[in-house]
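Okay, here's what each chain looks like letter by letter:
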Amino acid sequence: MFAQAATAGLNSIGCDVIDVGLVATPTVQLAVEHHRAAGGIILTASHNPIEWNALKFVGPDGIFLDSVAGTRVRDLAAGEPLPRASYNAIGGVEPDSDAISRHLAAVLALRGVAVRAIRRRRFRVALDTVRGAGGALMPELLERLGCRVTAINLETDGLFPRPPEPVPENLKALGALVRRKKADIGIAVDPDVDRLAIVDEKGRAIGEDYTLAFAIRAVRPSGRQTVVCNLSTSLVVEDAAKEFGATVVRAPVGEAHVARKIIELRAVIGGEGNGGVMYPALHVGRDAPVAAALVLSLLARERTTVSELVARAPRYTIVKAKVPRGARLEQVYEALRQRFGDATVDRQDGLRLSWPDRWLHVRPSGTEPIIRLIAEAPTSADAERLIEEGRRLCAAS
Ligand code: MG
(Lines give C-alpha, C1' and ligand atoms only; values in the text may rest on other atoms or scores of the structure.)
Protein backbone atom coordinates (compact mmCIF):
# COMPACT_ATOMS: atom_id res chain seq x y z
CA MET A 1 0.00 0.00 0.00
CA PHE A 2 2.77 2.43 0.96
CA ALA A 3 4.79 1.51 -2.13
CA GLN A 4 1.81 2.04 -4.40
CA ALA A 5 0.96 5.36 -2.74
CA ALA A 6 4.54 6.59 -3.08
CA THR A 7 4.64 5.45 -6.71
CA ALA A 8 1.33 7.15 -7.52
CA GLY A 9 2.48 10.37 -5.84
CA LEU A 10 5.68 10.42 -7.89
CA ASN A 11 3.85 9.60 -11.14
CA SER A 12 1.35 12.39 -10.49
CA ILE A 13 4.08 15.04 -10.64
CA GLY A 14 5.63 13.54 -13.75
CA CYS A 15 8.35 11.29 -12.24
CA ASP A 16 9.12 7.87 -13.69
CA VAL A 17 9.53 5.16 -11.05
CA ILE A 18 11.85 2.16 -11.25
CA ASP A 19 10.47 -0.56 -8.97
CA VAL A 20 13.28 -2.80 -7.66
CA GLY A 21 10.86 -4.88 -5.59
CA LEU A 22 11.56 -6.45 -2.23
CA VAL A 23 15.30 -5.93 -1.75
CA ALA A 24 17.87 -4.79 0.81
CA THR A 25 18.42 -1.11 1.57
CA PRO A 26 21.97 -1.16 0.12
CA THR A 27 20.58 -2.78 -3.06
CA VAL A 28 18.35 0.27 -3.53
CA GLN A 29 21.25 2.64 -2.94
CA LEU A 30 23.27 0.83 -5.63
CA ALA A 31 20.26 0.85 -7.99
CA VAL A 32 20.02 4.65 -7.65
CA GLU A 33 23.63 4.93 -8.82
CA HIS A 34 23.20 2.30 -11.56
CA HIS A 35 20.16 4.01 -13.09
CA ARG A 36 21.52 7.52 -12.45
CA ALA A 37 18.18 8.13 -10.73
CA ALA A 38 17.27 11.46 -9.19
CA GLY A 39 16.86 9.70 -5.86
CA GLY A 40 15.60 6.62 -4.10
CA ILE A 41 12.85 5.82 -1.63
CA ILE A 42 13.06 2.80 0.64
CA LEU A 43 10.01 1.56 2.57
CA THR A 44 11.36 0.04 5.74
CA ALA A 45 11.47 0.24 9.52
CA SER A 46 15.18 -0.73 9.32
CA HIS A 47 15.97 -2.56 12.59
CA ASN A 48 12.70 -1.51 14.27
CA PRO A 49 9.39 -3.38 14.67
CA ILE A 50 7.13 -3.33 11.60
CA GLU A 51 4.75 -0.62 12.87
CA TRP A 52 7.62 1.85 12.41
CA ASN A 53 7.64 1.34 8.63
CA ALA A 54 8.41 4.65 6.96
CA LEU A 55 10.31 6.18 4.06
CA LYS A 56 14.11 6.36 3.86
CA PHE A 57 15.29 8.89 1.27
CA VAL A 58 18.39 8.44 -0.87
CA GLY A 59 20.00 11.26 -2.87
CA PRO A 60 21.24 11.01 -6.50
CA ASP A 61 24.67 9.94 -5.16
CA GLY A 62 23.17 6.80 -3.57
CA ILE A 63 23.71 8.20 -0.07
CA PHE A 64 21.04 9.02 2.52
CA LEU A 65 19.95 12.63 2.64
CA ASP A 66 21.77 14.73 5.22
CA SER A 67 19.86 16.88 7.68
CA VAL A 68 19.75 19.94 5.37
CA ALA A 69 18.27 17.97 2.47
CA GLY A 70 16.01 16.06 4.87
CA THR A 71 14.61 19.32 6.20
CA ARG A 72 13.91 20.45 2.62
CA VAL A 73 11.94 17.25 1.97
CA ARG A 74 9.89 17.79 5.14
CA ASP A 75 9.23 21.42 4.18
CA LEU A 76 8.08 20.31 0.72
CA ALA A 77 5.72 17.77 2.29
CA ALA A 78 4.29 20.33 4.72
CA GLY A 79 4.05 23.18 2.18
CA GLU A 80 1.79 23.93 -0.77
CA PRO A 81 0.93 20.88 -2.93
CA LEU A 82 3.33 20.45 -5.86
CA PRO A 83 1.85 21.15 -9.32
CA ARG A 84 0.46 17.92 -10.79
CA ALA A 85 1.52 16.85 -14.28
CA SER A 86 -1.14 17.05 -16.97
CA TYR A 87 -2.72 13.76 -18.09
CA ASN A 88 -0.26 13.29 -20.94
CA ALA A 89 2.85 13.96 -18.84
CA ILE A 90 2.36 11.70 -15.83
CA GLY A 91 5.19 9.29 -15.06
CA GLY A 92 5.42 5.55 -15.65
CA VAL A 93 6.57 2.52 -13.68
CA GLU A 94 9.23 0.12 -14.83
CA PRO A 95 10.27 -3.01 -12.94
CA ASP A 96 13.96 -3.82 -12.43
CA SER A 97 14.40 -7.45 -11.45
CA ASP A 98 18.19 -7.40 -11.77
CA ALA A 99 19.02 -5.12 -8.82
CA ILE A 100 19.91 -8.01 -6.50
CA SER A 101 22.05 -9.89 -9.00
CA ARG A 102 23.98 -6.68 -9.83
CA HIS A 103 24.53 -6.10 -6.11
CA LEU A 104 25.82 -9.64 -5.48
CA ALA A 105 28.07 -9.60 -8.56
CA ALA A 106 29.58 -6.31 -7.39
CA VAL A 107 30.25 -7.69 -3.89
CA LEU A 108 31.96 -10.81 -5.26
CA ALA A 109 34.19 -8.67 -7.50
CA LEU A 110 35.40 -6.41 -4.67
CA ARG A 111 39.04 -6.00 -3.78
CA GLY A 112 39.51 -7.58 -0.36
CA VAL A 113 36.87 -10.25 -0.92
CA ALA A 114 38.84 -13.49 -1.17
CA VAL A 115 36.29 -15.50 -3.16
CA ARG A 116 38.59 -18.43 -3.92
CA ALA A 117 39.94 -18.72 -0.37
CA ILE A 118 36.38 -18.62 1.04
CA ARG A 119 35.19 -21.28 -1.42
CA ARG A 120 38.09 -23.53 -0.44
CA ARG A 121 37.07 -23.41 3.23
CA ARG A 122 33.52 -24.61 2.48
CA PHE A 123 32.30 -22.74 5.58
CA ARG A 124 29.25 -24.04 7.38
CA VAL A 125 27.21 -20.85 7.93
CA ALA A 126 24.11 -20.50 10.11
CA LEU A 127 21.96 -17.60 8.92
CA ASP A 128 19.06 -15.66 10.51
CA THR A 129 17.42 -13.00 8.33
CA VAL A 130 14.50 -12.43 10.79
CA ARG A 131 11.85 -12.71 7.99
CA GLY A 132 13.07 -9.40 6.54
CA ALA A 133 14.55 -8.63 3.12
CA GLY A 134 17.73 -10.61 3.84
CA GLY A 135 16.09 -13.84 2.67
CA ALA A 136 16.03 -12.36 -0.84
CA LEU A 137 19.83 -12.21 -1.18
CA MET A 138 21.87 -13.49 1.76
CA PRO A 139 21.46 -17.25 1.06
CA GLU A 140 22.44 -16.73 -2.58
CA LEU A 141 25.49 -14.67 -1.62
CA LEU A 142 26.69 -17.32 0.83
CA GLU A 143 26.04 -20.17 -1.60
CA ARG A 144 28.00 -18.37 -4.32
CA LEU A 145 30.84 -18.19 -1.81
CA GLY A 146 30.74 -21.97 -1.51
CA CYS A 147 29.27 -21.93 2.00
CA ARG A 148 27.03 -24.68 3.31
CA VAL A 149 24.10 -22.61 4.54
CA THR A 150 21.60 -23.58 7.19
CA ALA A 151 19.06 -20.88 7.89
CA ILE A 152 16.11 -19.72 9.95
CA ASN A 153 13.56 -16.97 9.24
CA LEU A 154 14.26 -16.74 5.49
CA GLU A 155 10.62 -15.83 4.70
CA THR A 156 10.44 -12.24 3.44
CA ASP A 157 6.99 -11.47 4.88
CA GLY A 158 8.08 -8.99 7.57
CA LEU A 159 6.42 -11.04 10.34
CA PHE A 160 9.37 -10.78 12.68
CA PRO A 161 9.47 -13.73 15.12
CA ARG A 162 11.61 -11.74 17.60
CA PRO A 163 12.69 -8.12 18.09
CA PRO A 164 14.43 -7.53 14.76
CA GLU A 165 17.56 -5.65 15.88
CA PRO A 166 20.58 -8.00 15.62
CA VAL A 167 21.82 -7.37 19.17
CA PRO A 168 23.11 -10.32 21.25
CA GLU A 169 19.93 -10.82 23.33
CA ASN A 170 17.91 -11.34 20.10
CA LEU A 171 20.23 -13.97 18.62
CA LYS A 172 19.61 -16.91 20.94
CA ALA A 173 17.88 -19.04 18.28
CA LEU A 174 20.79 -18.41 15.90
CA GLY A 175 23.25 -19.42 18.65
CA ALA A 176 21.34 -22.66 19.15
CA LEU A 177 21.34 -23.28 15.38
CA VAL A 178 25.12 -22.78 15.25
CA ARG A 179 25.61 -25.34 18.02
CA ARG A 180 23.13 -27.83 16.57
CA LYS A 181 24.62 -27.69 13.08
CA LYS A 182 28.23 -27.27 14.29
CA ALA A 183 28.51 -24.17 12.11
CA ASP A 184 31.74 -22.20 11.71
CA ILE A 185 29.89 -18.91 12.08
CA GLY A 186 26.39 -17.53 12.63
CA ILE A 187 25.32 -14.49 10.63
CA ALA A 188 22.32 -12.28 11.48
CA VAL A 189 21.16 -9.25 9.52
CA ASP A 190 18.54 -6.65 10.36
CA PRO A 191 15.33 -6.57 8.27
CA ASP A 192 16.65 -4.13 5.64
CA VAL A 193 20.08 -5.79 5.53
CA ASP A 194 22.38 -2.86 6.27
CA ARG A 195 23.59 -4.25 9.61
CA LEU A 196 25.24 -7.59 10.31
CA ALA A 197 26.05 -9.33 13.58
CA ILE A 198 28.17 -12.40 14.18
CA VAL A 199 27.73 -15.48 16.38
CA ASP A 200 30.93 -17.46 17.01
CA GLU A 201 31.34 -21.20 16.41
CA LYS A 202 30.36 -21.88 20.03
CA GLY A 203 27.02 -20.14 19.52
CA ARG A 204 27.89 -16.92 21.37
CA ALA A 205 26.86 -13.56 19.91
CA ILE A 206 30.12 -11.59 19.99
CA GLY A 207 28.56 -8.10 19.76
CA GLU A 208 28.00 -6.01 16.63
CA ASP A 209 31.15 -3.93 17.05
CA TYR A 210 33.26 -6.84 15.84
CA THR A 211 31.65 -6.78 12.39
CA LEU A 212 33.37 -3.52 11.42
CA ALA A 213 36.57 -4.53 13.24
CA PHE A 214 36.76 -7.78 11.22
CA ALA A 215 35.89 -5.97 7.97
CA ILE A 216 38.77 -3.54 8.56
CA ARG A 217 41.14 -6.43 9.17
CA ALA A 218 39.95 -8.05 5.93
CA VAL A 219 40.61 -4.86 3.94
CA ARG A 220 44.06 -4.38 5.56
CA PRO A 221 44.32 -0.58 5.27
CA SER A 222 47.80 0.81 4.73
CA GLY A 223 49.50 3.22 7.13
CA ARG A 224 48.60 6.13 4.85
CA GLN A 225 44.89 5.31 4.79
CA THR A 226 42.01 6.51 6.92
CA VAL A 227 39.21 4.59 8.61
CA VAL A 228 36.05 6.41 9.73
CA CYS A 229 33.68 5.36 12.50
CA ASN A 230 31.28 7.25 14.75
CA LEU A 231 31.97 8.67 18.20
CA SER A 232 30.14 5.82 19.96
CA THR A 233 31.90 2.97 18.15
CA SER A 234 33.90 0.47 20.23
CA LEU A 235 37.66 0.60 20.65
CA VAL A 236 37.83 -2.86 19.02
CA VAL A 237 37.34 -0.97 15.75
CA GLU A 238 40.11 1.51 16.56
CA ASP A 239 42.44 -1.36 17.57
CA ALA A 240 41.77 -3.14 14.25
CA ALA A 241 42.70 -0.04 12.24
CA LYS A 242 45.78 0.69 14.37
CA GLU A 243 47.04 -2.86 13.81
CA PHE A 244 47.78 -1.67 10.26
CA GLY A 245 48.91 1.82 11.25
CA ALA A 246 45.82 3.39 9.65
CA THR A 247 44.41 6.66 10.98
CA VAL A 248 41.03 6.52 12.73
CA VAL A 249 38.71 9.51 12.40
CA ARG A 250 35.44 9.66 14.32
CA ALA A 251 32.29 11.34 12.97
CA PRO A 252 29.04 12.32 14.74
CA VAL A 253 26.53 9.49 15.24
CA GLY A 254 24.30 8.88 12.19
CA GLU A 255 24.95 7.06 8.93
CA ALA A 256 24.90 10.26 6.84
CA HIS A 257 27.64 11.87 9.00
CA VAL A 258 29.90 8.84 8.67
CA ALA A 259 29.22 8.69 4.92
CA ARG A 260 30.11 12.38 4.37
CA LYS A 261 33.30 11.99 6.40
CA ILE A 262 34.34 8.90 4.40
CA ILE A 263 33.96 10.88 1.18
CA GLU A 264 35.66 14.01 2.54
CA LEU A 265 38.71 12.07 3.75
CA ARG A 266 38.69 9.46 0.94
CA ALA A 267 38.67 6.82 3.66
CA VAL A 268 39.32 3.21 2.64
CA ILE A 269 36.56 1.82 4.87
CA GLY A 270 34.24 3.01 7.61
CA GLY A 271 31.00 2.38 9.38
CA GLU A 272 29.33 2.11 12.72
CA GLY A 273 29.69 -0.11 15.75
CA ASN A 274 26.13 -1.38 15.26
CA GLY A 275 27.23 -3.82 12.55
CA GLY A 276 27.08 -1.28 9.71
CA VAL A 277 30.04 -1.61 7.33
CA MET A 278 30.63 0.97 4.58
CA TYR A 279 33.21 0.04 1.98
CA PRO A 280 33.56 2.85 -0.57
CA ALA A 281 35.24 0.48 -3.06
CA LEU A 282 31.58 -0.45 -3.74
CA HIS A 283 29.56 2.44 -2.26
CA VAL A 284 29.26 4.64 0.77
CA GLY A 285 26.31 2.95 2.46
CA ARG A 286 26.01 0.35 5.20
CA ASP A 287 25.93 -2.99 3.44
CA ALA A 288 25.49 -6.36 5.16
CA PRO A 289 26.40 -8.47 2.07
CA VAL A 290 29.70 -6.55 1.87
CA ALA A 291 30.21 -7.13 5.60
CA ALA A 292 29.53 -10.87 5.26
CA ALA A 293 31.95 -11.24 2.34
CA LEU A 294 34.71 -9.35 4.17
CA VAL A 295 34.27 -11.24 7.46
CA LEU A 296 34.40 -14.59 5.64
CA SER A 297 37.49 -13.39 3.74
CA LEU A 298 39.26 -12.68 7.01
CA LEU A 299 38.29 -16.07 8.44
CA ALA A 300 39.47 -17.82 5.28
CA ARG A 301 42.78 -15.99 5.01
CA GLU A 302 43.68 -16.23 8.70
CA ARG A 303 42.70 -19.90 8.78
CA THR A 304 41.18 -19.44 12.19
CA THR A 305 37.89 -19.42 14.09
CA VAL A 306 35.67 -16.51 15.10
CA SER A 307 36.30 -17.04 18.82
CA GLU A 308 40.09 -17.00 18.25
CA LEU A 309 39.82 -13.75 16.27
CA VAL A 310 37.91 -12.23 19.19
CA ALA A 311 40.35 -13.59 21.80
CA ARG A 312 43.36 -12.20 19.94
CA ALA A 313 42.50 -8.54 20.61
CA PRO A 314 41.91 -6.67 23.90
CA ARG A 315 38.34 -6.92 25.24
CA TYR A 316 36.24 -4.00 26.42
CA THR A 317 32.83 -3.51 27.97
CA ILE A 318 30.36 -0.88 26.81
CA VAL A 319 27.82 0.45 29.30
CA LYS A 320 24.90 2.66 28.25
CA ALA A 321 22.55 4.80 30.33
CA LYS A 322 20.07 7.60 29.83
CA VAL A 323 19.03 10.49 32.07
CA PRO A 324 16.30 13.11 31.70
CA ARG A 325 17.49 16.09 29.71
CA GLY A 326 17.67 19.41 31.55
CA ALA A 327 17.99 22.78 29.82
CA ARG A 328 21.65 23.37 30.60
CA LEU A 329 23.56 20.91 28.44
CA GLU A 330 26.57 23.21 28.08
CA GLN A 331 26.92 23.31 31.87
CA VAL A 332 26.92 19.50 31.98
CA TYR A 333 29.65 19.41 29.36
CA GLU A 334 31.72 22.03 31.20
CA ALA A 335 31.41 20.18 34.53
CA LEU A 336 32.49 16.94 32.85
CA ARG A 337 35.48 18.61 31.21
CA GLN A 338 36.61 19.98 34.55
CA ARG A 339 36.08 16.68 36.34
CA PHE A 340 38.12 14.83 33.68
CA GLY A 341 40.84 17.38 32.91
CA ASP A 342 43.22 14.73 31.52
CA ALA A 343 40.84 13.49 28.81
CA THR A 344 40.95 14.27 25.10
CA VAL A 345 37.85 16.30 24.25
CA ASP A 346 35.69 15.95 21.11
CA ARG A 347 32.74 18.34 20.70
CA GLN A 348 31.41 17.23 17.29
CA ASP A 349 28.34 15.55 18.76
CA GLY A 350 27.66 16.38 22.40
CA LEU A 351 30.80 15.72 24.42
CA ARG A 352 33.18 12.79 24.09
CA LEU A 353 35.97 12.38 26.60
CA SER A 354 38.60 9.82 25.75
CA TRP A 355 41.73 8.15 27.08
CA PRO A 356 43.85 5.51 25.33
CA ASP A 357 41.78 2.57 26.65
CA ARG A 358 38.43 4.13 27.59
CA TRP A 359 35.92 6.84 26.69
CA LEU A 360 32.69 8.49 27.79
CA HIS A 361 30.24 9.96 25.24
CA VAL A 362 27.45 12.25 26.45
CA ARG A 363 24.93 13.44 23.86
CA PRO A 364 21.31 14.55 23.68
CA SER A 365 19.00 12.08 21.96
CA GLY A 366 17.67 13.33 18.61
CA THR A 367 14.26 11.75 19.20
CA GLU A 368 13.56 11.81 22.97
CA PRO A 369 14.03 14.42 25.76
CA ILE A 370 16.92 12.48 27.29
CA ILE A 371 20.69 12.57 27.44
CA ARG A 372 22.47 9.38 26.42
CA LEU A 373 25.59 8.30 28.28
CA ILE A 374 27.82 5.66 26.72
CA ALA A 375 31.12 4.50 28.20
CA GLU A 376 33.63 1.87 27.21
CA ALA A 377 36.53 0.58 29.30
CA PRO A 378 38.57 -2.60 29.78
CA THR A 379 36.24 -3.77 32.58
CA SER A 380 32.56 -3.21 33.27
CA ALA A 381 33.45 -1.70 36.67
CA ASP A 382 35.60 0.96 34.96
CA ALA A 383 32.86 1.71 32.43
CA GLU A 384 30.23 1.89 35.21
CA ARG A 385 32.40 4.39 37.09
CA LEU A 386 32.51 6.69 34.05
CA ILE A 387 28.73 6.39 33.64
CA GLU A 388 28.08 7.10 37.33
CA GLU A 389 30.26 10.20 37.25
CA GLY A 390 28.45 11.38 34.10
CA ARG A 391 25.07 10.68 35.68
CA ARG A 392 26.01 12.60 38.84
CA LEU A 393 27.19 15.65 36.91
CA CYS A 394 24.10 15.60 34.64
CA ALA A 395 21.90 15.64 37.76
CA ALA A 396 23.93 18.42 39.42
CA SER A 397 23.88 20.81 36.43
MG1 MG B 1 18.73 -1.29 8.95
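Residues numbered from 1 in each chain as written. Predicted model: local features only at pLDDT ≥ 70, side-chain atom pairs only at ≥ 80, totals over all residues. Heavy atoms only, no water.

1. So, unusual backbone geometry
We note that Arg266 has phi near 50°; this positive angle belongs to a residue other than glycine. Relative to the helices and strands, Arg266 resides in the loop between helix 10 (255–265) and strand 11 (269–272). Note on Arg266: relative accessible area 76%, which makes it exposed. We note that Arg303 has phi near 45°; this positive angle belongs to a residue other than glycine. (Helix = DSSP H or I, 4+ residues; strand = E, 2+ residues; numbered from the N terminus. Buried < 20%, exposed > 50% of the residue type's maximum accessible area, 1.4 Å probe, protein only.)

2. Structural notes on helix 14 (residues 380–396)
Because each turn of an α-helix spans 3.6 residues, side chains separated by three or four positions in sequence point in the same direction. With 17 residues, helix 14 extends 24 Å from end C-alpha to end C-alpha; this agrees with the ideal 24 Å at 1.5 Å per step. Within helix 14, burial applies to Asp382, Ala383, Leu386, Ile387, Glu389, Gly390, Leu393 and Cys394. End-on view of helix 14: buried residues confined to an arc of 160°, all on one side of the axis. Exposed residues on helix 14 whose side chains face more than 90 degrees from its buried face are Arg385, Ala395 and Ala396. Lining the buried residues of helix 14 we find strand 13 (317–324), helix 13 (329–339), strand 15 (351–355), strand 16 (358–364) and strand 17 (370–377). (Expected span 1.5 Å × (residues − 1). Arc of directions from axis to C-beta. Contact = heavy atoms within 4.5 Å.)

3. Some details on the domain arrangement of the protein chain
It is common to report an interface's size as the accessible area lost on association of the parts. The domains assigned to the protein chain are domain 1 (2–97) and domain 2 (317–396). Taking the mean C-alpha position of each, domain 1 and domain 2 sit 37 Å from one another. (Domains from an automatic or database assignment.)

4. As for the sheet that holds strand 12 (residues 276–278)
Across a sheet, strands are paired by hydrogen bonds formed along the backbone, either parallel or antiparallel in direction. Spatial strand order, 10-9-11-12: 4 strands in an open sheet with mixed pairing. Looking at strand neighbours, the two that pair on one side only are strand 10 (247–251) and strand 12, the edges of this open sheet. For this sheet the average axis-to-axis angle between neighbouring strands, irrespective of direction, equals 20°. Of the strands in this sheet, strand 9 (226–230) and strand 10 are in contact with helix 9 (residues 235–242), which crosses strand 10 at around 150°. In this fold helix 10 packs onto strand 9, strand 10, strand 11 and strand 12, with an angle of close to 165° to the strand it touches most, strand 9. (Pairing = 2+ DSSP bridges. Axes fitted to C-alpha atoms, helices over the stretch in contact; angles between N-to-C directions.)

5. Points about the packing of helix 8 (residues 209–219) against helix 9
As a packed pair, helix 8 and helix 9 sit with axes 8 Å apart at the nearest point and diverge in direction by 5°. One finds that helix 8 runs roughly parallel with respect to helix 9. Taken together, the residues of helix 9 that come into contact with helix 8 (itself represented by Asp209, Tyr210, Leu212, Ala213, Ile216 and Arg217) are Val236, Val237, Ala240 and Ala241. Residues belonging to the contact of helix 8 with helix 9 are distributed by class as follows: 8 nonpolar, no polar and 2 charged. (Parallel < 35°, antiparallel > 145°, perpendicular 65-115°, else oblique. Nonpolar A, V, L, I, M, F, W, Y, C, P; charged D, E, K, R; others polar.)

6. Looking at the coordination of the magnesium ion
Within the protein, the magnesium ion binds to Ser46 (OG), Asp190 (OD), Asp192 (OD) and Asp194 (OD); these donor distances fall in the range 2.0 to 2.2 Å. Spacing between the donor residues of the magnesium ion along the chain follows S-x143-D-x1-D-x1-D. Here Ser46, found in the loop between strand 2 (40–44) and strand 3 (54–58), pairs with Asp192, found in the loop between strand 7 (185–189) and strand 8 (196–199); they are 146 residues apart in sequence, far enough to count as distant. As far as the burial class goes, Ser46 and Asp192 line up, both buried. (Donors = N, O, S within 2.8 Å, 3.2 Å for Na, K, Ca; no water.)

7. Remarks on the sheet that holds strand 8
Spatial ordering of the open sheet is given by 6-5-7-8, a layout of 4 strands whose pairing is mixed. Where the open sheet ends on each side, the last strands, each with one partner, are strand 6 (148–152) and strand 8. Within this sheet the neighbouring strands show an average axis-to-axis angle of 25°, counted without direction. With respect to the sheet, helix 7 (residues 172–181) is in contact with strand 5 (124–128), strand 6, strand 7 and strand 8, its orientation differing from that of strand 5 by roughly 155°.

8. Observations concerning the side chain of Ser234
Relative to the helices and strands, Ser234 resides in the loop between strand 9 and helix 9. Within the structure, Ser234 has its side chain in polar contact with the backbone nitrogen of Val236 (distance 3.0 Å). When neighbours within four sequence positions are excluded, Ser234 is seen to be in contact with Asp209, Arg250, Ile318 and Glu376. (Polar contact = N/O pair within 3.5 Å; in protein donor to acceptor, adjacent residues only side chain to side chain.)

9. Here's the deal with the packing of aromatic side chains
Aromatic rings considered in pairs are described by the distance between their centres and by the relative angle of their planes. As enumerated under the stated definition, the model contains 2 aromatic pairs in all. Ring centres 5.4 Å apart and planes at 80° place the aromatic pair Phe340 and Trp355 in the edge-to-face group. Here the residue Phe340 occupies a position in the loop between helix 13 and strand 14 (344–346), and Trp355 occupies one in strand 15, the gap between them amounting to 15 residues. We classify Phe340 as buried; its relative accessible area is 9%. (Phe/Tyr/Trp six-rings, centres within 6.5 Å; stacked < 30°, edge-to-face > 60°.)

10. Let's talk about the side chain of Ser297
Here Ser297 is to be found in helix 11 (residues 288–302). Not counting residues up to four positions away in its chain, the partners in contact with Ser297 are Gly112, Val113, Ala114 and Ile118.

11. What about the pairing of strand 16?
The buried fraction of strand 16 is high, at 5 of 7 residues. Here strand 15 runs beside strand 16; their pairing, made up of 5 bridges, is antiparallel. Its bridge partner being in strand 16, Arg352 is matched across the sheet by His361. Hairpin connection, strand 15 to strand 16: the antiparallel pair is bridged by 2 residues. Direction of pairing for strand 16 relative to strand 17: antiparallel, over a ladder of 6 bridges. By the bridge assignment for strand 17, Trp359 is matched with Glu376. The turn linking strand 16 back onto strand 17 is made up of 5 residues.

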